Amino acid sequence: MVFISDIRQHIGQTVEIKGWVYNTRSSGSLAFVEIRDGSGFIQCVASKQELSDDAWNAITRAGQESSVAITGIPKEHPKKAGVFEISVTHVVLIHQAVEYPIAHKEHGPEFLLENRHLWLRSKRQWAILRVRDVVETAINEYLHQQKFIRTDSPVFTPNSVEGTTTLFPVPYFDLGEAYLSQSGQLYIEAAIASVGRCYDFGPVFRAEKSVTKRHLTEFWMMDAEAAFVEHEENMRIQEGLVKYIASACIEKCTEEFAILERDSEPLKKMVELPFVKLTYEEAIPWLRERGSDIELGEDLGNDDEALLTKDSPVPVFIHKWPKTIKPFYMKLDPTDPTRVLNNDLIGIEGSGEIIGGSQREDNFDLLLERIREEGLSPEEYSWYMDLRKYGSVPHSGFGIGVERMVRWMTGVEHIRECIPFPRLVNRVRP
Ligand code: ATP
């Protein structure tokens, strides 16, 4: 058996491919069957004259999504360079599918989501899954190059990183309630004192009723944390990561981008240029001059994020936010203690916030004060406070939302297509 993705190495030889029927069309004694095997798609051409009756019956009976083994001879398309076809010599029908509910026509999103287990097989979803794999692999590669190691964090947590209103509670034996984690950050802050630089990569959960094209209730996050890294270097690492991911997609996803009709030019331009940095204080008047009604002290809305990068070829860091709208663990800016040393990174092409990062408060007393100011319980965070008692060091980190990045890289409009089985406010099936 050979994979369709390797077919160019087998021109003129007899090969067997195994996969599913994607599309069929026949005209009299010729059948054109598009087969997908997971590695790619290929057109197979069968001629009644050249096949046994069994084989001809098999290929003409095999409807959409039937599974088949096809033997034949690959050749390059006479008119399209890099496109291959197989002249079929034999066919075995492995399983004949009953009538497939998802035809090659427009279907409504609810119907497709209800049939997500089948919808994943479409060419577009195949392309998105593969871009997602490239994004995840690139994240792992870049971080290892930067000397981070993967340590991972728990999903059941006793308390919240940023308050309990956005947490999913779970009954936990005799211990009362645990919560599904919304970020592993606090845990990797502990792990850096062991390994220096580390990251976790896994699902996180937000019980926010955000019904937007950018919010899932369960999404994959990569949190990275590094000892002895301060605010500016933290942003450099983030910029390097985003450029590394985009470069990997440009290099490896040509076929996927073609299926998705994603123009890679903006990404190619972006990886060559330095990202823009604006402090929060600079960003607010900049936005107001361009029509936003945002006030100093408010969080950026979707429209503000869109406005910030509308005409920008590169993502924009908005950094040094007011401490009043950011969590307790962010380090106060020594030059202005009403601000924190944090950043959001807003992607281009309408992708919105991709990364949130900050230098963390490493001073025991200041951290305790911030915990109290926020009305949180110091006992709950005693283990986290310990990290400031035994060799505390300046350290920083950030979290990147995998599906936000996949959405940007693929250019798809809705984040629900960027994860195999989306969990939304109104959907936990299939
Ligand atoms: P937003 O303001 O867009 O809701 P946030 O400020 O809550 O995001 P963080 O808590 O900083 O986000 O999370 C880090 C990253 O995780 C974000 O930059 C984003 O890429 C991703 N992210 C956050 N919430 C979601 C969500 N509900 N669905 C998908 N990705 C998310």
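The structure this text deals with has already been given above.
Participant: So what exactly am I meant to see when it comes to the site of the ligand here?
Facilitator: If you check the shell around the ligand, you find 14 residues, and the closest are Arg206, His215, Leu216, Glu353 and Ile354. At 2.9 Å from a nitrogen atom of the ligand is found a main-chain nitrogen or oxygen belonging to Leu216. Contact distances for the ligand include 2.7 Å between an oxygen atom and a backbone N or O atom of Ile354. In isolation the ligand has 580 Å² of accessible area, and contact with the protein removes 85% of it. Secondary-structure elements contributing two or more residues to the shell around the ligand are strand E11 (218-227), strand E17 (352-359) and strand E18 (395-401).

Participant: I would appreciate a short explanation of the sheet that holds strand E1 (residues 15-27) in the present structure.
Facilitator: Strands pair in a sheet through their backbones, by hydrogen bonds, and they do so in one of two ways: parallel or antiparallel. Spatial ordering of the closed barrel is given by E1-E2-E3-E5-E4, a layout of 5 strands whose pairing is mixed. Strand-to-strand twist of the sheet, defined as the mean angle between neighbouring strand axes without regard to direction, takes the value 50°. With 10 bridges connecting them, strand E4 (residues 67-76) and strand E5 (residues 84-95) associate as antiparallel partners. Counted as the bridge partner of Ala69 is Val92 from E5.

Participant: Can you walk me through the nonpolar core in this structure?
Facilitator: The nonpolar side chains of a soluble globular protein tend to be buried, and buried together. Formed by 62 residues in total, the largest nonpolar core has its most connected members in Ile139, Met222, Ile245, Met270 and Met409. Among the elements that take part in this core, helix H4 (residues 123-145) stands out by supplying 10 residues, more than any other. Of all hydrophobic cores here, the second largest spans 24 residues; its members include Val15, Ile35, Ala46 and Ala62.

Participant: Please clarify how the pairing of E4 should be interpreted in this entry.
Facilitator: Walk down a regular strand and you will see the side chains alternate between the two sheet faces. The element E4 is extensively covered by neighbouring structure, given that 7 of its 10 residues are classed as buried. Bridging between E1 and E4 involves 6 bridges; their strand directions are antiparallel. By the bridge assignment for E4, Ile17 is matched with Ile70.

Participant: Which parts of the structure should I look at to understand the sheet that holds strand E7 (residues 156-157)?
Facilitator: If you trace the 3 strands from one edge of the open sheet to the other, you get E7-E9-E8, paired in antiparallel fashion. Every interior strand has two partners, whereas the edge strands, E7 and strand E8 (169-171), have only one. Note that E8 and strand E9 (residues 177-180) share 3 bridges and pair antiparallel. Among the inter-strand pairings, Val170 is bridged to a residue of E9, identified as Ala178.

Parameters and conventions
Residues numbered from 1 in each chain as written. Predicted model: local features only at pLDDT ≥ 70, side-chain atom pairs only at ≥ 80, totals over all residues. Heavy atoms only, no water. Near = heavy atom within 4 Å. Polar contact = N/O pair within 3.5 Å; in protein donor to acceptor, adjacent residues only side chain to side chain. Areas by Shrake-Rupley, 256 points an atom, 1.4 Å probe, with all protein chains shown as cover. Helix = DSSP H or I, 4+ residues; strand = E, 2+ residues; numbered from the N terminus. Pairing = 2+ DSSP bridges. Axes fitted to C-alpha atoms, helices over the stretch in contact; angles between N-to-C directions. Core = buried A, V, L, I, M, F, W, Y, C linked by side-chain atoms within 4.5 Å. Buried < 20%, exposed > 50% of the residue type's maximum accessible area, 1.4 Å probe, protein only.

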